[in-house]
Amino acid sequence: MTHELLTIGRISVDIYPNDIGVDLEDVTSFGKYLGGSPSNVAVAAARHGRRAAVISRTGADAFGNYLHRELRKFSVDDSFVSADAEYPTAVTFCAIKPPDDFPLYFYGRFPTAPDLQIKAGDLDLDAIRSAGIFWSTVTGLCQEPSREAHAGAHGARPRTGLRKGQFTILDLDYRPMFWSSEAEARAEVAKILPHVTVAIGNERECAVAVGEGTPDQQADKLLAAGVEIAVIKLGADGVMAKTLTERVVSAPVAVETVNGLGAGDSFGGAFCHGLLAGWPLVRILDYANAAGAIVASRLSCADAMPTPEEVTSLLVAHGRLVPQDMTDVATL
């Protein structure tokens, strides 16, 4: 099977409180969910009808079994998710304090985690080459052997070898607790950017990747590195996408925030869906913005990923244009 979206990197069990608006020490009950940004992005794309898969590793434990079960439940191919006999499945706790306070607590990631033990020799390079979109994150570059595996994956998929309708996306996803310094992260990003056609990040993440500047200056730096589409998230001002010939901005879709942690992953999966469908860039941004807003208004991440019908309904409710055929699926 040729995958329309193939992601690589983090997978974990998210332990989210059922008690909203309190510190973690005051929470009395929790829910258990599939987590990890690249895995959530695959789930989000699958909700839009895309053939998605994840390259990752779990522990050889009950939580690992749970994550396999959840991926299959969401129609995501788990055949590239293997078990690591040494390290346990990573677990992430958070507190949920709307509208903008969602502290994360990572367990089972120090000194390493199973998904950072992906090795270059483990990769199915044919699957990586043939995927419509290959999605990786900066976090996957933070240590070996994952760093070498990411380099090998991108090396097997050079920009010059992509056919029409294929994209290679780097989620700039900088998390300082996984790095010794911003300089180290910037150096590793610089090695991967020559293979990337789309880069997505907020202003802070872009500053780590290519240096300080206005959003337009950061986008221009990414384009100068060879990226074809630079997507800069602007927080309360929405999101901007820039190419060598086009600059578009999508205003945010207002919702009441419950948990903002999964919004970016929902945005990513919907963005991939729009790219594969061949929509105009402004339509892709509006659609992805709405998809992200829906998840921000819900408690969980993977389980909260919206369907195309839900995204369309929200766009219509806010007076936004929608792609004429939401069921359009590009043939790769």
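Residues numbered from 1 in each chain as written. Predicted model: local features only at pLDDT ≥ 70, side-chain atom pairs only at ≥ 80, totals over all residues. Heavy atoms only, no water.

What about empty space enclosed by the protein?
Under the counting rule described, the total for this entry stands at one cavity of 30 Å³ or more. Considering only enclosed or pocket space, the largest cavity measures out at about 30 Å³ in volume. Contributing to the lining of the largest cavity are G9, R10, D115, L116, T137, T139 and G140. Residue composition of the lining of the largest cavity, by class: one nonpolar, four polar and two charged. (1 Å grid on protein atoms, 1.4 Å probe; cavity = no way out; pocket = protein on both sides within 12 Å on 5 of 7 lines; lining within 4 Å. Points joined across faces, edges and corners; volume = space filled by probe spheres on them. Nonpolar A, V, L, I, M, F, W, Y, C, P; charged D, E, K, R; others polar.)

Brief notes about the side chain of N40
Checked against the element boundaries, N40 lands in helix 1 (residues 37-47). In this structure N40 comes out as buried when scored by relative accessible area, which is 2%. Excluding its chain neighbours within four sequence positions, the residues that come into contact with N40 are L34, G35, D265, C301, A302 and M305. (Helix = DSSP H or I, 4+ residues; strand = E, 2+ residues; numbered from the N terminus. Buried < 20%, exposed > 50% of the residue type's maximum accessible area, 1.4 Å probe, protein only. Contact = heavy atoms within 4.5 Å.)

Examining the layout of surface pockets
Picture a little ball the size of a water molecule; that probe, rolled over the atoms, points out where space is still empty. Put simply, the largest pocket is a space of about 1300 Å³. Taken together, 46 residues make up the lining of the largest pocket; nearest its centre are K233, G260, L261, A263 and G264. Breaking the lining of the largest pocket down by element, the ones donating at least two residues are strand 2 (12-17), helix 1, strand 8 (104-107), strand 11 (198-202), helix 6 (203-210), helix 8 (263-277) and helix 9 (281-296). It is helix 8 that contributes the most residues to the lining of the largest pocket, five residues altogether. Its boundaries defined by the atoms lining it, the second largest pocket holds a volume of some 150 Å³.

A few points about the pattern of salt bridges
Going through the model one piece at a time under the given rule, you end up with 22 salt bridges. Of the charged contacts in the structure, one is a salt bridge between K97 and D23, with a shortest N-O distance of 2.6 Å. A residue pair is termed long-range when its members are at least 10 positions apart, and K97 in the loop between strand 7 (91-94) and strand 8 and D23 in the loop between strand 2 and strand 3 (30-35) qualify at 74 residues. Judged by relative accessible area, K97 falls into the partly exposed class, the value being 22%. (Salt bridge = Lys/Arg side-chain N within 4 Å of Asp/Glu carboxyl O.)

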